[in-house]
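What the coordinates show
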Amino acid sequence: MSRIVLPGPARSVQGHRAGIVTRATAGAVDLVVAVVGVAMGYAVWSRAVFVLGPASFHFPDPGGLRLLFLVLGVLTAYLTVAWATTGRTVGNRLLGLRVVGDGSVRVGFVRALLRALLCVAFPVLLFWVLVSPENRSLPDVLLRTSVVYDWTSGGRRGSEPTTTPPPIVLPHDE
């Protein structure tokens, strides 16, 4: 069995809170995931309209404001489910992040929903990370959550280390 050793720079920040650049990049990826999800839903809707009346078909017009609220709703649901179940969205996974509660526990559905609502409705609150000595956004402070670097899978959570962690060896997928 081949194995991958987590590089030293990644090991040194494992479990530490993420900064604004990493969080913003993960957030951008997650926004793209939500937009693609809505676009796929529109494609299915258009196809259904075509199948039901091909002779009089025209692409449905969802309206700009309705489309905006749909994207925000899908984004909120997506963030809620991801944070409540694994603590990771697609963006988080790509950048090695995990959302955890105090004590590195899962945030649970209610906290995940509240955090998602705050992050989607008031994205400017995320920039509190820039002035926070703990690298926490206002939703993190209010809901006692953290976004930490965590490249481990499944059961092991990224809590803030008090000493330099030992090397992490990850199995290599073939």
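Anything mentioned here points back to the structure above.
Before going into details, it helps to say that this report is about the structure given with it. Starting from 1, residues in each chain are numbered consecutively following that chain's sequence as written. The predicted nature of this model means local features are confined to residues of pLDDT at least 70 and side-chain atom pairs, given and counted, to a pLDDT of 80 or more, with totals for whole chains, interfaces and linings taken over all residues. Hydrogens are left out, water is left out, and the side-chain values use all remaining heavy atoms of the structure.

Here the term cavity refers to a set of points on a 1 Å grid, laid over the protein atoms alone, in which a 1.4 Å probe fits but cannot get out; the term pocket refers to an open set having protein on both sides within 12 Å along at least five of seven lines, with lining residues being those that place an atom within 4 Å of a point. Grid points are joined across faces, edges and corners, and a volume is the space filled by probe spheres set on the points. For the largest pocket, the calculated volume is near 540 Å³. If you trace the largest pocket, you find 23 residues lining it, with R23, G27, A28, C119 and L126 closest to the centre. Only DSSP runs of H or I covering at least 4 residues are called helices, and only runs of E covering at least 2 are called strands; the numbering of each starts at the N terminus. Elements with a contribution of two residues or more to the lining of the largest pocket: α2 (20-52), α3 (64-85), β2 (97-101) and α5 (108-121). Considering every element that reaches the lining of the largest pocket, the biggest residue donor is α2, with 8 residues. Taken together, the residues of the lining of the largest pocket break down into 18 nonpolar, 2 polar and 3 charged. Just so you know the grouping, Ala, Val, Leu, Ile, Met, Phe, Trp, Tyr, Cys and Pro go in nonpolar, Asp, Glu, Lys and Arg go in charged, and all remaining residues, Gly too, go in polar.

With that out of the way, let us pick up the nonpolar core. Core analysis: the largest hydrophobic core is formed by 17 residues, its most contacted members being L75, L79, W83 and L97. Among the secondary structure elements, those contributing two or more residues to this core are α2, α3, β2, α5 and β3 (145-149). Counting residues per element, this core draws most heavily on α3, at 5 residues. Setting aside its immediate chain neighbours within four residues, L79 contacts D30, T89, A116 and V120. What makes a nonpolar core is a set of buried Ala, Val, Leu, Ile, Met, Phe, Trp, Tyr and Cys residues whose side-chain atoms join them at distances within 4.5 Å. Partly exposed describes any residue whose relative accessible area lies between the buried limit of under 20% and the exposed limit of over 50%, with all areas from a 1.4 Å probe on protein chains only and scaled to the type maximum. It only takes one pair of heavy atoms within 4.5 Å for two residues to be counted as in contact.

Moving on, we get to the environment of D30. With respect to the helices, strands and loops of the structure, D30 is situated in helix α2. According to the relative accessible area criterion, D30 is buried, its value standing at 4%. It is 8.3 Å that separates the C-alpha atoms of D30 and N92, two residues lying 62 residues apart in sequence. Setting aside chain neighbours within four positions, we find D30 in contact with L75, Y78, L79, T89, V90, G91 and N92. Polar contacts, as used here, are pairs of N or O atoms within 3.5 Å; protein pairs need one atom able to donate a hydrogen and one able to accept it. Residues neighboring in sequence count only if both atoms are side-chain atoms. In this structure the side chain of D30 is engaged in a polar contact, spanning 2.8 Å, whose partner is the backbone nitrogen of G91.

What follows covers unusual backbone geometry. Phi at N135 is positive, roughly 55 degrees, even though this residue is not glycine. The residue N135 is located in the loop between α5 and α6 (138-143) in this model. Phi at R144 takes a positive value of approximately 55 degrees, unusual for a residue other than glycine. Structurally, R144 is set in the loop between α6 and β3.

At a minimum axis distance of 9 Å, the contact between α2 and α3 shows a crossing angle of 120 degrees. Judged by the inter-axis angle, α2 sits oblique to α3. Helix-helix and strand crossings are classified by hand; for α2 and α3 the assignment is right-handed. Together, D30, L31, V33, A34, V35 and V38 of α2 and L67, L70, V71, V74, L75, Y78 and L79 of α3 make up the contact between the two elements. Here the contact of α2 with α3 is built from residues that sort into 12 nonpolar, no polar and 1 charged. Only the stretch in contact is used when fitting a helix axis, every axis being a line fitted to C-alpha atoms; angles between N-to-C directions are given from 0 to 180 degrees. Any angle that is under 35 degrees is reported as roughly parallel, and any over 145 degrees as roughly antiparallel; angles of 65 to 115 degrees are reported as roughly perpendicular and all others as oblique. Note: crossing handedness is left-handed where the near helix turns anticlockwise from the far helix by less than a right angle, and right-handed where it turns clockwise.

These figures come from the coordinates and say nothing about function on their own.
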